[in-house]
Amino acid sequence: MKELIISNVQVVTPAAVLDRGSVVVRGGRIVSFLRERPRRASGMDEIDGQGRFLLPGFIDLHNDGIEQELEPRPTAVFPLPIALASLESQLVGHGITTIYHSFAFMDGREGTVHPRGLEPAIRDLNRLRAAGVIRHLVHARYEVTETQHLERLVRLIDDRQVSLVSFMDHTPGQGQYRDPQGLITFYVRKYHARPEDVQEIMREREQKAGNPEVPHALQALAEHARQAGLPMASHDDDSPQKVERMRALGVTISEFPVDMGAAVAASRAGMHVAVGAPNVLRGKSTNGNLDARVAVSSSAADILCSDYYSPSMLHAVFSLARAGIMGLPDAVRMATVNPARAAGLAGELGSLEPGKRADMILVNASEDVPVVVAAWVGGRRVFEKHDGVLEARGEQWAAEAAALRAPQSPAPGPAAASVVRREQEAAHAP
């Protein structure tokens, strides 16, 4: 791999923006920053960033896209290699270079992979990830009332197939669906379900929640994940009391708290608090729960996740900065170094610092809609948007040198000139 220098960029570090700086990459890692443009050297590629922003690649701890790609319509299941390739091309174009694919261990009625296909899909993904252009990891979402999934998930953890475990509870009357009408509306609008069918689903969930094995299974899974050294998250915390119960299990990430009380409690307890980038971008929750911008403004949230909409990470970061809610370095940290810390990756990823792996994105933010124009993973360029501006200086220098070395053709004589003139006149004749 050649030494790479990305020059003439606004480098977004964890603390500041370095204007018109350069970043030197060698062996897939960031070596140094330069304040001036470097001299040309042989065997070196230089990218002229044209004054754009150079950011760390985004680390997305919660992305539901893989299930939708696998089964875009009920019973229409596609092979994982096709689904993964399709999703990967979208993710890298939105600046996501490390992705935690969310697989829901629940009954499959909400567009999730059918329970029979969960384990094979996760194992296939781990087999395929070495061939991917970005970093692929697995986020196992365990529905706490569905204890039938415990054995399957424990087996996957033992086989090192999972990188993050979260605990969720979609029982009506608490959590995300504190107002049960929200669950009815969700099913009717998204799945065109009849209200009476949704009522049956609600009764099933309430019955499962009454199973006395639920708390024992949750405790066992949390202990197993903790012994495996996996980070754990709780989903849709709705009170300080629930936050404390989850924290007692070893949970260190509160995902999508539904109100400020839960968000503040988690933050004060030293937990990471993740909010949805779609919520930030839209300025509201789809269920009328916590406005993520309010949580961010109150320093009660420190991580952004794309959740159900991959493009939202990039746009949420820049919208927070443009709205004056926080500076750009702070907003970028919510999608990079903070999730890296929460997941135990900060030693290698999450920030543009010497020694870190060179996962980087080049962003054109000169217009209203920021656009990723290039991405690198481990110093290797894995994405480029051909907008006519970005080019490898090393390749340009080679082309210029070749042109200078090429023999010059003699000027055409009078006879040749007359032939050219007649051809031109014929081409323009009426």
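Residues numbered from 1 in each chain as written. Predicted model: local features only at pLDDT ≥ 70, side-chain atom pairs only at ≥ 80, totals over all residues. Heavy atoms only, no water.

Considerations on the environment of G27
- Structurally, the position occupied by G27 is in the loop between strand 2 (17–26) and strand 3 (29–34).
- Exposure remark for G27: the relative accessible area of 62% places this residue in the exposed category.
- Sequence spacing of G27 and G379 is 352 residues, and the spatial spacing of their C-alpha atoms is 7.3 Å. (Helix = DSSP H or I, 4+ residues; strand = E, 2+ residues; numbered from the N terminus. Buried < 20%, exposed > 50% of the residue type's maximum accessible area, 1.4 Å probe, protein only.)

Focus: the side chain of D60
- Inspection of the secondary structure assignment puts D60 in strand 6 (residues 58–63).
- The side chain of D60 sits in the buried core without any salt bridge; R141 is the nearest counter-charge, 11 Å away.
- A distance of 3.3 Å separates the side chain of D60 from the side chain of N63, its partner in a polar contact.
- Engagement of the side chain of D60 in a polar contact is seen with the side chain of S306, the distance being 2.3 Å.
- Discounting residues that sit within four places of it in the chain, D60 has contacts with I96, T98, I99, Y100, C305, S306 and M313. (Lys, Arg positive; Asp, Glu negative; His and termini not counted. Salt bridge = Lys/Arg side-chain N within 4 Å of Asp/Glu carboxyl O. Polar contact = N/O pair within 3.5 Å; in protein donor to acceptor, adjacent residues only side chain to side chain. Contact = heavy atoms within 4.5 Å.)

Looking at the pairing of strand 3
- Relative to strand 3, strand 2 is paired through 5 bridges, and the arrangement is antiparallel. Along strand 3, the bridge assignment pairs V25 with I30.
- Here strand 2 hands over to strand 3 after 2 residues, with G27 in that stretch at a positive phi of 65 degrees. (Pairing = 2+ DSSP bridges.)

With respect to the pattern of salt bridges
- Counted under the stated rule, the structure contains 17 salt bridges.
- We note a salt bridge from R127 to D124, for which the minimum N-O separation is 2.1 Å. Here R127 pairs with D124, and both are found in helix 3 (residues 115–128), just 3 residues apart, close to one helical turn.
- Overall, R127 belongs to the exposed group, its relative accessible area being 58%.
- The closest approach of N and O atoms between R381 and E384, which form a salt bridge, is 2.2 Å.
- Counted as one network, the salt bridges with shared partners bring together E119, R123, E151, R155 and D159.

A word on helix 2 (residues 80–93)
- In this model helix 2 runs 20 Å from its N-terminal to its C-terminal C-alpha over 14 residues, within 8% of the 20 Å that 1.5 Å per residue would give.
- Considered for burial, the residues of helix 2 that qualify are L80, A83, L84, L87, E88, L91, V92 and G93.
- Following helix 2 by one or two positions, G95 adopts a phi angle in the positive range, close to 90 degrees. (Expected span 1.5 Å × (residues − 1).)

Some details on the nonpolar core
- The biggest cluster of nonpolar side chains holds 80 residues, and the ones touching the most others in it are F103 and F167.
- Residues contacting F167, with those up to four places away along its chain left out, are Y142, V144, L218, L221, A222, M232, A233, S234, H235, M246 and V251.
- Counting 17 residues, the second-largest nonpolar core is a separate cluster that includes L18, L54, M360 and A374. (Core = buried A, V, L, I, M, F, W, Y, C linked by side-chain atoms within 4.5 Å.)

Concerning unusual backbone geometry
- Within the chain, R160 stands out as a residue other than glycine whose phi angle is a positive 60 degrees.
- A positive phi angle, close to 50 degrees, is found at F256, a residue other than glycine.

What about a nonpolar patch on the surface?
- Among the surface-exposed residues, L281, Y308 and Y309 lie close enough to one another that they form a single nonpolar patch of about 300 Å² accessible area.
- With respect to the helices and strands, the residue Y309 is situated in the loop between strand 13 (303–305) and helix 12 (312–322). (Patch = residues over 30% accessible without salt bridge, like charges linked within 9 Å, V, L, I, M, F, W, Y side chains within 5 Å. Areas by Shrake-Rupley, 256 points an atom, 1.4 Å probe, with all protein chains shown as cover.)

So, the packing of helix 3 against helix 4 (residues 150–158)
- Helix 4 packs onto helix 3 with a crossing angle of 5 degrees between their chain directions and a minimal axis gap of 11 Å. In this view, helix 3 runs roughly parallel relative to helix 4, as classed from their interaxial angle. Across the interface between the two elements, P115, L118, E119, I122 and R123 of helix 3 pack against R152, R155 and L156 of helix 4.
- The residue inventory of the contact of helix 3 with helix 4, partitioned by class, reads 4 nonpolar, no polar and 4 charged. (Axes fitted to C-alpha atoms, helices over the stretch in contact; angles between N-to-C directions. Parallel < 35°, antiparallel > 145°, perpendicular 65-115°, else oblique. Nonpolar A, V, L, I, M, F, W, Y, C, P; charged D, E, K, R; others polar.)

Considerations on the pairing of strand 1 (residues 3–12)
- Summarising burial for strand 1: 8 of the 10 residues are buried, a large majority.
- The sheet contact formed by strand 1 and strand 4 (residues 44–48) spans 5 bridges and is parallel. For S7, the partnering residue across the bridge sits in strand 4 and is D48.
- Where strand 1 and strand 2 come together, 6 bridges link them in antiparallel fashion. From the neighbouring strand, V12 faces strand 2, where its bridge partner is V17.
- Taking the residues that link successive antiparallel strands as the turn, the strand 1-strand 2 hairpin has 4 residues.
- The pairing of strand 1 with strand 5 (residues 53–56) spans 2 bridges and is parallel. Residue pairing in the sheet places Q10 in a bridge with F53 of strand 5.

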